[in-house]
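Inside the fold
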Amino acid sequence: MSLPTRASSPDDLHAAMVRRLTRSGKILTGAVTEAMAAVPRHLFLPDTPPRVAYSEQDITTRHAADGPVLRWMSRPGTVAMMLEQLLVLPGQSILEIGTGTGYTAALLAHLTGEAGQVTTIDIDPDVTAAARETLTATGHGAIAAITGDGRHGHSDGAPYDRIVAAGAWDIPGAWWDQLAPRGRLVVPLRVRGASYSIGFAHRGDRMVSDTLEPTDLTPMIGYQGEQTAPLYQDDLVSLAWDHDQPITSADLHGILHRDRTVATSGVTSLHSTPVDGIWLRLAATEEGCCRITAQPPAVTSQLCTPAIPLGSPALVDADSLAYLTRTREPDGYSHVLGAVGHGPRRHRLTDRIIDAIHAWDTDRTAAPTITLHRGSPDTTTHTRPITKGDDYLTITY
């Protein structure tokens, strides 16, 4: 694929972005094509060169005083994917949780048309003020940009046909209450340490997924539900798990220096092959499914070698740990998937990861149904519930 030259105008770069998203399959419908073509992305990133604004990368828009990224505009492919998941129709009422630069709100306004209404809400008054100014300047002054806590939604405009949110750990009750019957919710939801953009159909006391894509969007401020603990000094290796799991960091003190087992599955994959299906199968069945992260020195020294150092699925059972790993084949391209375990229950845990690898390998494209249930778990079923705030979630294949 030829890239635009440095002399390309913003219009040329914009058109090239739409063509790229169409060829890649991120854009699937004519409606989203028209919306992405109608709203110039670079106008919502005035401090970013147009070549960067239209490239396939996240754009940082705010850092904390101590350096970490607080906000960013998601890459065009992620935005297009979520618009396709949302299935916006003309004339609908839409609530966006997390305003960002206002770019997504402008796209939503194009999709719902003059007969519809878009409301976007953000907890940061500086964000909503800047977005309101840009939206007005770009001809989208009818969009209501509200300052407030997104977890409470915006009841004045309810019910909404569609709600789309920034990254979240659970689904607040206000979203249930403000989403119209048979409406749709799209949210990048944290599930046992991984993030998935999930399209949910509202079905009374349930929300049932019909689309599922790995992603990682900015979590809402006040986002809670996960705990983290170092497994080695200076956070070279760390573990993250949910508050409803029976995991105690003290039980894992010195775990990486305990008895070690390496198990191989015999299943090969390319380095770029997503392993989200393995993670979801473990989350569906294993109470101790969590996330392990290893910094480069830990990987180089072979102290800890997870398949994805920035975050791989792991299992914990009391004082034992196992995690997904992969070993490069002699051809230099493919890898063999396996598991590394530590502690007295390491063999049992590595066996469970190997079982999940084989289950995934039988149909690597299989997508589970993720169901959000309002209220207390149904203890009469055999499906393992995952607690999410006041509600719970199940994963079924």
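The structure this text deals with has already been given above.
Here we summarise the structure given alongside this text. If you're wondering where the values come from, they're calculated on a predicted model, not measured in any experiment. (Residues numbered from 1 in each chain as written. Predicted model: local features only at pLDDT ≥ 70, side-chain atom pairs only at ≥ 80, totals over all residues. Heavy atoms only, no water.)

Paired through their backbone hydrogen bonds, the strands of a sheet run either parallel or antiparallel. Spatially, 10-11-13-14-15-16-12 is the arrangement adopted by the 7 strands of the open sheet, whose pairing is antiparallel. The outermost strands of the open sheet, each flanked by one partner alone, are strand 10 (226-230) and strand 12 (260-270). Direction aside, the axes of adjacent strands within the sheet are offset by 30 degrees on average. Pairing of strand 13 (residues 289-294) with strand 14 (residues 312-317), which is carried by 4 bridges, proceeds in the antiparallel orientation. Following the sheet pairing, C290 is matched in strand 14 by A314. Its contacts with the sheet place helix 8 (residues 276-285) against strand 13, strand 14, strand 15 (320-328) and strand 16 (334-342), and it is angled at close to 135 degrees to strand 13. In this fold helix 10 (residues 346-362) packs onto strand 12, strand 14, strand 15 and strand 16, with an angle of close to 5 degrees to the strand it touches most, strand 12. (Pairing = 2+ DSSP bridges. Helix = DSSP H or I, 4+ residues; strand = E, 2+ residues; numbered from the N terminus. Axes fitted to C-alpha atoms, helices over the stretch in contact; angles between N-to-C directions. Contact = heavy atoms within 4.5 Å.)

You can see T273 is positioned in the loop between strand 12 and helix 8. Those residues within four positions of T273 in sequence are excluded, and the remaining contacts are R326, W360 and R364.

So, on to the sheet that holds strand 9 (residues 206-214). Taken in spatial order, the 10 strands line up as 5-4-3-6-7-8-9-17-19-18 in an open sheet, and their pairing is mixed. Looking at strand neighbours, the two that pair on one side only are strand 5 (144-147) and strand 18 (386-388), the edges of this open sheet. Looking at each pair of strands side by side, their axes are set apart by 25 degrees on average, direction ignored. Here helix 4 (residues 76-86) sits on the sheet in contact with strand 6 (160-165), strand 7 (179-191), strand 8 (194-203) and strand 9, set at roughly 145 degrees to strand 7. Strands strand 4 (117-122) and strand 5 of the sheet are contacted by helix 6 (residues 125-137), whose axis makes an angle of about 165 degrees with strand 5.

To continue, consider the packing of aromatic side chains. Counted by the stated rule, this structure contains 1 aromatic pair. One Lys or Arg, K388, reaches over the ring of W169 and ends 4.2 Å from the middle of that ring. (Phe/Tyr/Trp six-rings, centres within 6.5 Å; stacked < 30°, edge-to-face > 60°. Lys NZ or Arg CZ within 6 Å of the ring centre and 35° of its normal.)

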